[in-house]
Amino acid sequence: MMTDANEAQPRNPYLNALRRFGPPILLVGLLVAAGYLAQRSGVNGGGGPVGGPVGGDASTALARYGFHFTEVSKASGIDFTHEAPTFDPKLKHIMPQVAAMGAAVSVMDVDGDGWLDLYAVDSAEGSLNRLYRNKGDGTFEDIAGAVGLADVNPIGSGVSAGSVWGDFDNDGDSDVFLYKWGKSELYRNDDGKHFTPIGAAAGVPAWANINSATWLDYDGDGLLDLFFAGYYGEAIDLWKLTDTRMMPDSFEYAENGGRRYLYHNLGNGAFEDVTEQAGIVSRRWALAVAAADLRGTGHPDIVVANDYGVSEYWANDGHGHFTDIGADSGIGYRPKSGMNVSFGDIYNDGRRGIYISNISEQGVLMQGNNLWLPREGAPADAPKFDNLASSLGVELGGWSFGAQFGDLNNDGHTDLFLTNGYVSQNKDKSYWYDYSKIAGGNSAIISDAANWPAMDDTSLAGYQPKRVWLNDGTGQFTDVAQQVGVTDTFDGRAVVLADLWHRGVLDVVVAHQRGPLQVYKNEVAADRHWIAFDLKGAGAVNRDAIGAQVVLHWAGQQQRQEVLAASGYCSQNMRQLHFGLGDAAAVESADIRWPDGTQETITAPAVDQVHTITAGQPAAQSR
């Protein structure tokens with residue numbers, strides 16, 4: 001286990017260089033010597049798969065691990081395959097990789113009927129997004145067209161990259177910010193029957209290449225504010241390039257990407273851009289964002305994972321100003337290829353770690369994913385984080401994208417589901433050698449797409465197996481994906497966790513680039529208990545209760561969770577907080593801290609139930 005924020009260096013001097021510089025130097029000699037051009041399927045590394053039947057024998061998986069997944073998308077009425085965009089012909093030679101993002105999915109109850117729905121975005125010009133309404137009988141129906149959320153990618157407006165849902169007007173309906181590479185839009189939910197675009201009135205930028213967004217109440221006024229961040233610069237129209245100098249100017253410290261936006265909710269359907277006065281100034285290439293009160297100050301901080309650079313940790317001072325403490329805290333120490341931000345209390349001690357995914361290719365590029373755990377005893381105004389990903393077994397996940405923490409087998413410990421895979425084309429051809437040519441170039445070479453070698457039909461980190469890392473209760477993780485039924489090798493992007501059918505388990509939905517939207521229905525051993533909390537705001541607390549925290553105490557343990565908007569990569573989990581309890585048939589207490597600072601304790605809440613609790617009102621059990 002590491003004792004400081006710096007990561008242990010591998011002994012191999014070639015890998016030392018690779019870890020130091022990330023993607024900038026992919027040593028050609030190493031590629032050839034390792035014979036890795038024919039080995040593109042992920043790596044297993046620490047936390048690798050254990051023995052057992054591959055493909056998921058349900059009875060064996062239930063007996064050994066306490067859960068098993070069955071992919072049920074088509075059986076439940078979901079038949080959707082993501083399409084990628086086609087940019088300016090000047091990018092044709094590298095189109096597979098510049099158009100390798102866009103598959104996203106979010107969970108919400110769009111019509112307030114108590115059943116969780118799914119919104120999946122498409123990324124081809126003129127394509128239709130899908131809003132799958134949960135019918136409550138195990139099936140879904142697409143209602144996107146009927147409510148005005150399908151035809152949102154008309155030619156000339158850009159294409160969808162993701163969505164984040166939040167009740168910004170506190171009327172009881174989940175509104176949605178649809179972020180795009182192009183013209184993003186804010187939609188007001190009118191009683192779950194129709195969505196009205198109000199982006200122009202709200203001040204949404206006319207054009208920006210947004211790849212991440214979240215809702216948060218940064219100033220504690222009871223209104224949800226909006227943070228979003230760009231990937232490419234907002235002056236770039238990927239369909240009408242003036243020239244090809246639009247790529248990152250560095251593989252380590254690129255700062256020619258998109259800007260940040262912090263929009264303060266004025267409470268009348270309009271927002272004010274307060275980004276600069278809040279001190280949030282950056283043009284790194286943002287891929288993921290999540291906001292949470294990680295320091296116990298009562299104010300949400302913002303964590304941004306950046307491609308081609310270091311991660312950012314924007315600490316909220318509670319007075320409308322943020323400071324990037326990424327470098328000082330440790331999480332912004334070394335540049336990598338950040339693609340995910342998610343939080344989890346893996347030790348059941350109230351401390352939440354930050355998981356940021358990167359790239360790992362055995363024998364080629366070993367950035368490694370990061371699991372940043374807060375150091376005990378560090379002051380709130382100067383937190384320190386240690387990267388424990390390697391020692392805990394969650395470092396190597398291939399070309400990693402979205403990841404989510406959740407108790408998948410209800411044993412009382414937080415597990416981790418990871419998606420991965422970049423570009424899967426011809427299995428017999430690899431682009432790594434060509435990629436190394438550009439990665440080692442100077443800024444003038446790297447930043448000009450015309451200099452990038454043609455990709456043709458080659459693969460780059462393609463056909464990779466996902467990871468389902470099971471927490472053994474001491475923080476050690478083991479990959480059981482193959483044994484519990486997660487065997488696909490589509491190029492994964494977004495992943496969400498939700499109890500889709502009111503069974504007290506976490507189901508998993510995965511969005512794939514140029515691939516299907518998959519729904520993994522979870523079956524958990526019958527002897528495992530659970531409890532969940534559906535928090536709702538009122539008065540000075542935003543209606544979605546985003547920012548509210550629950551610390552659950554049971555069997556000598558405690559676990560902290562927080563109601564979030566965005567989590568992972570271009571994704572949003574259900575807002576309901578789900579706790580597995582293992583064989584514990586009773587809970588001592590649940591401590592709730594609302595975003596306005598008020599606190600309450602629920603003594604001995606019943607297990608195997610969802611507790612609906614509204615700020616300032618007596619607790620009630622919904623089911």
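Our subject in this report is the structure included herewith. The structure presented is a predicted model; accordingly, all values stated were derived computationally and were not measured. (Residues numbered from 1 in each chain as written. Predicted model: local features only at pLDDT ≥ 70, side-chain atom pairs only at ≥ 80, totals over all residues. Heavy atoms only, no water.)

**Quick look at the sheet that holds strand 32 (residues 549-554)**
Pairing within the open sheet is antiparallel, and its four strands lie in the order 33-32-36-37. The open sheet has two edge strands, strand 33 (557-562) and strand 37 (599-603), and neither has a second partner. Each adjacent strand pair in this sheet contributes to an overall mean axis angle of 15°, direction not counted. (Pairing = 2+ DSSP bridges. Helix = DSSP H or I, 4+ residues; strand = E, 2+ residues; numbered from the N terminus. Axes fitted to C-alpha atoms, helices over the stretch in contact; angles between N-to-C directions.)

**Some words on the packing of aromatic side chains**
Given two aromatic rings, their pairing is described by the distance between the two centres and the angle made by the two planes. Applying the stated rule across the entire model yields 38 aromatic pairs. Relative to Trp239, the ring of Phe87 lies with its centre 5.1 Å away and its plane at 80°, an arrangement referred to as edge-to-face. Of the two residues, Phe87 is situated in the loop between strand 1 (67-71) and helix 4 (95-98) and Trp239 in the loop between strand 11 (225-230) and strand 12 (260-265); the sequence distance between them amounts to 152 residues. For Phe87, a relative accessible area of 4% corresponds to the buried category. Ring geometry for Trp181 against Tyr231: centres 5.9 Å apart, planes inclined by 5°, an arrangement best described as stacked. In this pair, Trp181 sits in strand 7 (residues 175-182) while Tyr231 sits in the loop between strand 11 and strand 12, placing the two residues 50 residues apart along the sequence. Across the pair, exposure class does not vary: Trp181 and Tyr231 are buried alike. Over the ring of Trp501 we find Lys521; its NZ or CZ atom is 5.1 Å from the centre of that ring. (Phe/Tyr/Trp six-rings, centres within 6.5 Å; stacked < 30°, edge-to-face > 60°. Buried < 20%, exposed > 50% of the residue type's maximum accessible area, 1.4 Å probe, protein only. Lys NZ or Arg CZ within 6 Å of the ring centre and 35° of its normal.)

**Here's the deal with empty space enclosed by the protein**
A probe as big as a water molecule, rolled over the atoms, marks out the empty space that is left. On inspection of all chains with the given rule, the structure shows five cavities of 30 Å³ or more. By volume, the largest cavity amounts to about 430 Å³. Secondary-structure elements contributing two or more residues to the lining of the largest cavity are strand 18 (342-344), strand 24 (400-406), strand 33 and strand 35 (577-582). Of the residues forming the lining of the largest cavity, the biggest block, four residues, is contributed by strand 33. Residue composition of the lining of the largest cavity, grouped by class: nine nonpolar, ten polar and six charged. Of the pockets and cavities examined, the second largest cavity occupies roughly 220 Å³. Every residue lining the second largest cavity is counted, 20 residues in all, and those nearest its centre are Gln97, Tyr231, Asp307, Tyr308 and Tyr422. Broken down by secondary-structure element, the contributors of at least two residues to the lining of the second largest cavity are helix 4 and strand 14 (285-292). Its residues placed into classes, the lining of the second largest cavity shows 17 nonpolar, two polar and one charged. (1 Å grid on protein atoms, 1.4 Å probe; cavity = no way out; pocket = protein on both sides within 12 Å on 5 of 7 lines; lining within 4 Å. Points joined across faces, edges and corners; volume = space filled by probe spheres on them. Nonpolar A, V, L, I, M, F, W, Y, C, P; charged D, E, K, R; others polar.)

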